[in-house]
Each structure stands twice: as structure tokens, then as C-alpha cells.
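Chain by chain, the residues run as shown.
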Amino acid sequence: MAPYGAPCDGTWCLKCSASHGSRTSAGFDNGPSTVSFRGSRTRPFFARQWKRIKELRRIQMDSILPLVNTRRAVLKAGAHTQAGSPDGAHAYIDSLMNLELPEGRGKPTDEELVTLCSELLTAGTDTTSTALEWAMLRMVMHQDIQETLYQEICDVVGDRKVEGKDIENLPYLNAVVKETLRRHPPGHFVLSHAVTQDCQLRGYDIPYKANVEFYTAWMSFDPKIWPDPMTFNPRRFLDPGNEVDITGNKQVKMMPFGVGRRICPALGLGTLHINLILARMVQEFHWSCRDGETPDISEKFAFTVIMKNPLQASIKKRSRTLMEVKP
Ligand code: HEM
């Protein structure tokens, strides 16, 4: 990994991660694994892919940089309020523009700002939508689970729409979401990590600057950790004595959000979104297979691990009329 702010050496770096994305789907089947995947060495072999990557990077710069510049102009022009910006809002990009890089490297460049914005947009959309599609697939496949979830929502929430504040009172819903993230983790790897000095990890030498890729999905499918791991069974999270801490603070049995210092910063927001959207969709509609069709659970490696054939479902409005939530 190129050190932050240093000239890009063709491996994963914050300066131009979009053009040198090094996430690899190389398969590992036995525990956290490592691989060094140096872009500069592979470049001669992937000419067509590098061309496409450069083109995508250009499109990304052309779409996001004007927005960054507009915000820059707003901040420059306006009288600053207490919140730190003229319109009273403190945007993510404001924090990035104010960032002072360590070791006197000044502020992030435009390239770095675009990379960081795009990282946030991708990380915050693909992951959640992927998890939701898998969750809806499971609702379609397991009518009994959908019915139990619907009954829980009716019993706890009654005749109004589910709100964020209800989520903590819906244990079965929480269990369905956890089981979705275990059985279908949106990412099978965490993002590229790197070491700041030569070190050893489980007997492997990791040189300074090497990319380190952790294949984390193996943990979710390990029969030593999860009985009957390929079966979708939310109840495993409700069994007394089988509490699972997905933050990894107490124990690590699954890590859909990563663990430790680089854990997903939006773990709370991501799980809230999935819980709330799933609950609303089941509360409003009954989901089932389209006539004569069987859903296909095959996976496809994209940025996240998506359904190879997107979900096709039949939805029917439920008869219960719900009161609107007052804003
Ligand atoms: C189901 C939802 C989500 C899942 C499963 C997920 C998972 C992950 C994982 C596995 C990582 C990498 C952790 C590592 O490298 O150790 C990550 C990083 C990240 N996630 Fe999420 N995420 C989700 C939702 C979100 C949302 C909603 C946002 C933003 C609104 C977000 C923003 C980020 C960012 C910015 C990073 C990079 C952090 C860094 O570079 O240290 N994620 N996420």
C-alpha cells in the first residue's frame, strides 16, 4: 500500500484507490489469509482492465470533483455559522477539506478527496442494498420465517408503521438481520489492510507496504463455530447462551463489518437501515416466489457478493391498514 499522500506505486492507495483497487477474490478456504497483489507488476498482463479502470477513474473525477468545488465555493463565500459552515450544516466533505495529514503532508489533494467521497458512497450503498436483497430472498424462500417476523411486528408495533425506535424491541427481526449478515456477508473480504512495519502474522512474514487481504466469510460458514452453517436459521441467535457480538469486542464468530480499529464506521447506521427497511417491507407486503419459479441462491463476486440472478418476487399488499408515522 502506498503510504498515505505518497506518490502512488501502483498498489492500493488512498491517493487513487479507484484506479488501483486491489481487492482480490482469490480464494482461501482456511482461516484469515494474506496475499500481496502488486498492481505495478500485474499491469502488463491486464492492459484492457487497466484502460477501463483509468476511464472509470476519469468519470469518477469528472462527476465528484465539481461537487467538491461547489462546496468549497459555498464555504469560501459565506459567513460561517457556529456549526462551521454558512448553511449551518457540517458536511463530510467539510471535515475532509479541513484534515491536516500527519508528518506535515498538508491537506488531502483533490484526487484524495474524490477517492474518500466515492469510498463513502460505495461503502454506504452497495453493502446495505446487497444485504437487503439477500434478506428478501430469504423471506421469499422461508414463508414460516416471514410469518414469524410479521407476527412479531404486529404484536410489538400494532397498527402504525415501524420506526427506528422499535428496532431494539424486535428480537426476531434482529436475529433475521444477523442471520442474513452471517449467511450472506455482503463482503467476503474486508478492505485491503497494510502493515506499518515488517511483521509476522500466524507464521507468515508480512513485509512493510504489502497489501494484506483477509478472507472473513470462512468464519460464517465454519461448522466448528456454527452448527449446520449453510442453513438459514435466525433462531440460532435467540438461543440462550448463544449471544453473538458482531462488533467483535467480546468474541469473534462472524465479522461482516470487520473488527478492530478499521471496523466499518457505520455499523450502527447500516444495521439500523437493514432492520428498518426489512421490517417495513414485510409489514406492508407479503413476499413470495413468482408462480412456478424457484429462487436461485447462486452468488456473484462484484464489489460486494451479490445475487447472480437478481431476486424476482411476487408482492401482495397486506390487508391491515397502517397509520402513517408523524414526522
Ligand atoms: C450492511 C451494511 C454494511 C456492511 C456489511 C459494511 C461492511 C464494511 C466492511 C467489512 C468494511 C471494511 C472493514 C475493514 O477493512 O476492516 C467497511 C468499511 C467502511 N464502511 Fe461499511 N458496511 C456497511 C454499511 C456502511 C454504510 C451505511 C456506510 C456509510 C454511510 C459505510 C461506510 C464505510 C466506510 C467509509 C468504510 C471504510 C472505513 C476505513 O477505511 O477505515 N458502511 N464496511
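Keep in mind the model is a prediction, meaning the values are calculated, not measured. (Residues numbered from 1 in each chain as written. Predicted model: local features only at pLDDT ≥ 70, side-chain atom pairs only at ≥ 80, totals over all residues.)

The feature "binding site: heme" (unreviewed entry), as annotated in UniProt, sits at Cys264 in this numbering. In this fold, Cys264 is placed in the loop between α7 (217-220) and α8 (267-284). Excluding its chain neighbours within four sequence positions, the residues that come into contact with Cys264 are Phe257, Gly258 and Gly270. (UniProt positions renumbered as here; feature names shortened; annotations may be inferred. Helix = DSSP H or I, 4+ residues; strand = E, 2+ residues; numbered from the N terminus. Contact = placed C-beta atoms within 7 Å.)

Further remarks concern the environment of Ile93. Structurally, Ile93 can be placed in helix α3 (residues 92-98). A C-alpha to C-alpha distance of 9.0 Å links Ile93 and Arg72, two positions 21 residues apart in sequence. Not counting chain neighbours up to four residues away, the residues in contact with Ile93 comprise Val68, Arg71, Leu113 and Cys117.

What follows covers helix α5 (residues 143-157). Since there are 3.6 residues in each turn of an α-helix, residues three or four apart along the chain are aligned in direction. For α5, built from 15 residues, the straight-helix expectation of 21 Å at 1.5 Å per residue is met to within 8% by its first-to-last C-alpha distance of 21 Å. Among the residues making up α5, those that are buried are Ile145, Leu149, Tyr150 and Ile153. Each buried residue of α5 lies within a common arc of 135° when the element is viewed along its axis, so the set occupies one face. In α5, the exposed positions that point more than 90 degrees away from the buried face belong to Asp144, Gln151 and Asp155. At its buried positions, α5 is contacted by α4 (110-141), α6 (171-183) and α8. Phi for Gly158, located one or two positions after α5, is positive at around 75°. (Expected span 1.5 Å × (residues − 1). Buried ≥ 20, exposed ≤ 12 C-beta atoms within 10 Å, placed from the backbone. Arc of directions from axis to C-beta.)

If you check α6, its first and last C-alpha atoms are 18 Å apart, about what 13 residues at 1.5 Å a residue would give, namely 18 Å. Among the 13 residues that make up α6, eleven are buried, leaving the element largely enclosed by the rest of the structure. Restricting attention to buried positions, one finds in α6 the residues Tyr172, Leu173, Ala175, Val176, Val177, Lys178, Glu179, Thr180, Leu181, Arg182 and Arg183. In this fold, the buried residues of α6 make contact with α4, α5, α7 and α8.

Once that is clear, we can look at the nonpolar core. One finds Ala135, Leu149, Leu173, Val176 and Leu278 to be the most contacted residues of the largest nonpolar core, which totals 24 residues. Breaking this core down by element, the ones donating at least two residues are α4, α5, α6 and α8. The element best represented in this core is α4, accounting for seven residues. By size, the runner-up hydrophobic cluster in this structure holds six residues, among which are Met219, Met254, Met255 and Cys264. (Core = buried A, V, L, I, M, F, W, Y, C linked by C-beta atoms within 7 Å.)

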